[in-house]
Amino acid sequence: RKPVIASIHGACIGGGVDIVTACDVRYCTAEAYFSVKEVNLGIAADLGTLQRLPAIVGYGRAAELALTGRNFSGLEAKELGLVSKSFASKEDLDNGVTKIAEEIASKSPLAVVGTKAVLLKSRDLSVEQALDYVATWNSATLFSDDIKEAVSAHVHKRNPVFAKL
């Protein structure tokens with residue numbers, strides 16, 4: 001239910017790619033490198049990469065990476081859309097990802113959990129069905145304390161304070 005953030009420094013190979021493709025957002029250092037290496041071992045990647053990577057980077061790019069088993073850099077991972085941002089150093093990565101996690105944690109827990117749920121569900125629905133799903137989801141939260149706090153904070157020109165996620 002909670003957002004999962006991958007922070008990648010160094011090698012992210014085979015099963016590592018399986019894990020990071022299951023995360024909601026991914027960040028890395030420029031010197032990180034990745035490889036969908038299973039084809040070099042005589043097997044097909046079998047823990048989710050072949051199912052999730054195409055949705056993240058597109059079928060053609062995923063096919064090229066999985067069929068060649070080649071290494072690719074953190075900078076290329078950013079260009080492909082596998083990661084949202086490539087940081088210059090591990091220290092920058094740690095500081096940047098901490099800041100992003102803190103920003104997400106400052107939001108309404110109901111909104112964060114709802115956003116993730118709607119994003120995941122919408123992958124399998126038409127746009128019309130997904131709009132119905134989000135309308136149903138949001139209608140269940142209309143009278144929540146989170147909405148009251150968000151409105152109050154806006155009216156009083158202050159940052160909202162929500163329960164922890």
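Anyway, here's the lowdown on the structure attached to this text. Note that the coordinates shown come from a computational prediction; the quantities given were computed from them, not determined experimentally. (Residues numbered from 1 in each chain as written. Predicted model: local features only at pLDDT ≥ 70, side-chain atom pairs only at ≥ 80, totals over all residues. Heavy atoms only, no water.)

Another point: the packing of aromatic side chains. Under the criterion given, the structure shown has three aromatic pairs. Seen in terms of ring centroids, Tyr-133 and Trp-137 are 6.4 Å apart; in terms of plane orientation they differ by 40°. Their pairing is tilted. With Tyr-133 and Trp-137 both in helix 7 (residues 127-139) and four residues apart, this pair spans about one turn of that helix. You can call Tyr-133 partly exposed: its relative accessible area is 26%. (Phe/Tyr/Trp six-rings, centres within 6.5 Å; stacked < 30°, edge-to-face > 60°. Helix = DSSP H or I, 4+ residues; strand = E, 2+ residues; numbered from the N terminus. Buried < 20%, exposed > 50% of the residue type's maximum accessible area, 1.4 Å probe, protein only.)

A word on the packing of helix 6 (residues 109-122) against helix 7. Look at helix 6 against helix 7: their axes get within 10 Å of each other, and the N-to-C directions meet at 160°. Classed by the angle they form, the pair helix 6 and helix 7 counts as roughly antiparallel. Pair helix 6 / helix 7 crosses with right-handed handedness. Of the residues in helix 7, those touching helix 6 at Leu-110, Val-113, Gly-114, Ala-117, Val-118, Lys-121 and Ser-122 are Ala-130, Tyr-133, Val-134 and Trp-137. The residue makeup of the contact of helix 6 with helix 7, split by class, is eight nonpolar, two polar and one charged. (Axes fitted to C-alpha atoms, helices over the stretch in contact; angles between N-to-C directions. Parallel < 35°, antiparallel > 145°, perpendicular 65-115°, else oblique. Left-handed = near helix turned anticlockwise from the far one by under 90°. Contact = heavy atoms within 4.5 Å. Nonpolar A, V, L, I, M, F, W, Y, C, P; charged D, E, K, R; others polar.)

This part is about the environment of Ser-86. Within the element layout of this structure, Ser-86 appears in strand 6 (residues 85-87). Sequence separation between Ser-86 and Leu-142 is 56 residues; the distance between their C-alpha atoms is 37 Å. Every residue in contact with Ser-86, bar those within four places of it in the chain, is listed here: Cys-28, Thr-29, Ala-30, Gly-74, Leu-75 and Lys-78. Among the polar contacts listed, one links the side chain of Ser-86 to the backbone nitrogen of Ala-30, at a separation of 3.3 Å. (Polar contact = N/O pair within 3.5 Å; in protein donor to acceptor, adjacent residues only side chain to side chain.)

Of the two faces of strand 1 (residues 5-8), only one is covered, namely that formed by Ala-6 and Ile-8; the face formed by Ile-5 and Ser-7 stays uncovered. Of the pairings in the sheet, the one linking strand 1 to strand 3 (residues 25-29) comprises four bridges and is parallel in character. Bridging across to strand 3, Ile-8 finds its partner in Cys-28. (Pairing = 2+ DSSP bridges.)

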